[in-house]
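# Summary of the model geometry
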Amino acid sequence: MRRTLDAAAVQQLTDRIEAAQTGARAIPKLTDDFPGMTLGDGYAVQLELLRRWRAAGRRQAGWKAGLTSKAKMVQMGVTVPSIGFLLADFARAEGSTVRTDDLVHPRVECEVAFVTKADLAGPDVTRAQVLAATDFVVPAIEVIDSRFSGFKFDLPSVVADNGSSARYVTGGRALRADGLELDCLGVVLEKNGEPVAMGASTAVMGHPADAVALLVKVLHELGETLPAGSFVMSGGITEAIAVKPGDVVCARFQELGSVAVRFA
């Protein structure tokens, strides 16, 4: 990927992103100060943040694909999907309470998550290869949290901000992928008992496994692979829904069951 930023600028922007994430404060999008910033520059910042947190002892659980549905692309004004990393300490238990005082703009979306049993690597991974390498799939809610003022950003900035990653919750039933029609699972997202969004898994690039294949391709471009035992979120099926303290959110998936979380 083409890069324009030198090592000093990458460190400077990583400092900015890390401070915004750990301090739960909004900042202007990075391209305000670095208008020539490319997608490759965004990934350079993201990977430097991952390197720092691994060095600090935080464990990586896997990766996520983002902006993989038309609804999310339209909502955020972008045209290209992205990826981000997931840390083990982002996870929250099903039915638990997620704090909002350490988040900036919390929103939720429902996703199909994959757990792999074999390595995936290279620029040409197919849907069939992803499914063959999948141990099981589970329903998930991702809590995203853009650190940019007004939830407004561009693609290089959101990639540097690790795709707005913040928390994730899994629940329902873990099932083998080969026993499901993963491209036509219906889902309803409820907030405080009322439906607020609905869709089908085909919204995620036609098939959630295609989003995982795209993720592997991007990882290849970054010099990374997807190892066995990875937890992978394939992207929001519907637009992201804002939440606040007191809200209870439940995602109900066809075949996979439901997953719920509350906010305080």
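Preceding this paragraph is the structure being described.
Quick look at the structure, then. (Residues numbered from 1 in each chain as written. Predicted model: local features only at pLDDT ≥ 70, side-chain atom pairs only at ≥ 80, totals over all residues. Heavy atoms only, no water.)

A few words now on the packing of aromatic side chains. Overall, the coordinates contain four aromatic pairs when judged by the stated rule. Aromatic side chains Phe 148 and Phe 153 sit 6.4 Å apart centroid to centroid with 55° between the ring planes, which places their arrangement in the tilted category. With respect to burial, Phe 148 and Phe 153 carry one shared label: buried. For the pair Phe 151 and Phe 153, a centre-to-centre distance of 5.8 Å together with 65° between the ring planes defines the contact as edge-to-face. No difference in accessibility class separates Phe 151 from Phe 153, as the two residues are buried. (Phe/Tyr/Trp six-rings, centres within 6.5 Å; stacked < 30°, edge-to-face > 60°. Buried < 20%, exposed > 50% of the residue type's maximum accessible area, 1.4 Å probe, protein only.)

Further remarks concern the packing of helix H1 (residues 7-23) against helix H2 (residues 39-55). The geometry of H1 relative to H2 is characterised by a closest axis approach of 9 Å and an angle of 65° between their N-to-C directions. H1 and H2 meet at a crossing whose hand is right-handed. Along the contact surface, H1 presents Val 10, Gln 11, Leu 13, Thr 14, Asp 15, Ile 17, Glu 18 and Gln 21, while H2 presents Ala 44, Val 45, Glu 48, Leu 49, Arg 52 and Trp 53. Residues of the contact of H1 with H2, tallied by class, amount to seven nonpolar, three polar and four charged. (Axes fitted to C-alpha atoms, helices over the stretch in contact; angles between N-to-C directions. Helix = DSSP H or I, 4+ residues; strand = E, 2+ residues; numbered from the N terminus. Left-handed = near helix turned anticlockwise from the far one by under 90°. Contact = heavy atoms within 4.5 Å. Nonpolar A, V, L, I, M, F, W, Y, C, P; charged D, E, K, R; others polar.)

Turning our eyes to something else, we now look at H1. For H1, which comprises 17 residues, the first-to-last C-alpha distance of 24 Å matches the rise-based estimate of 24 Å (1.5 Å per residue) to within 8%. On its buried side, H1 packs onto H2 and helix H5 (155-160). Backbone geometry just downstream of H1 places Ala 24 in the positive-phi region, at approximately 50°. (Expected span 1.5 Å × (residues − 1).)

So, to be careful, I would describe these as geometric facts and stop short of saying anything about function.
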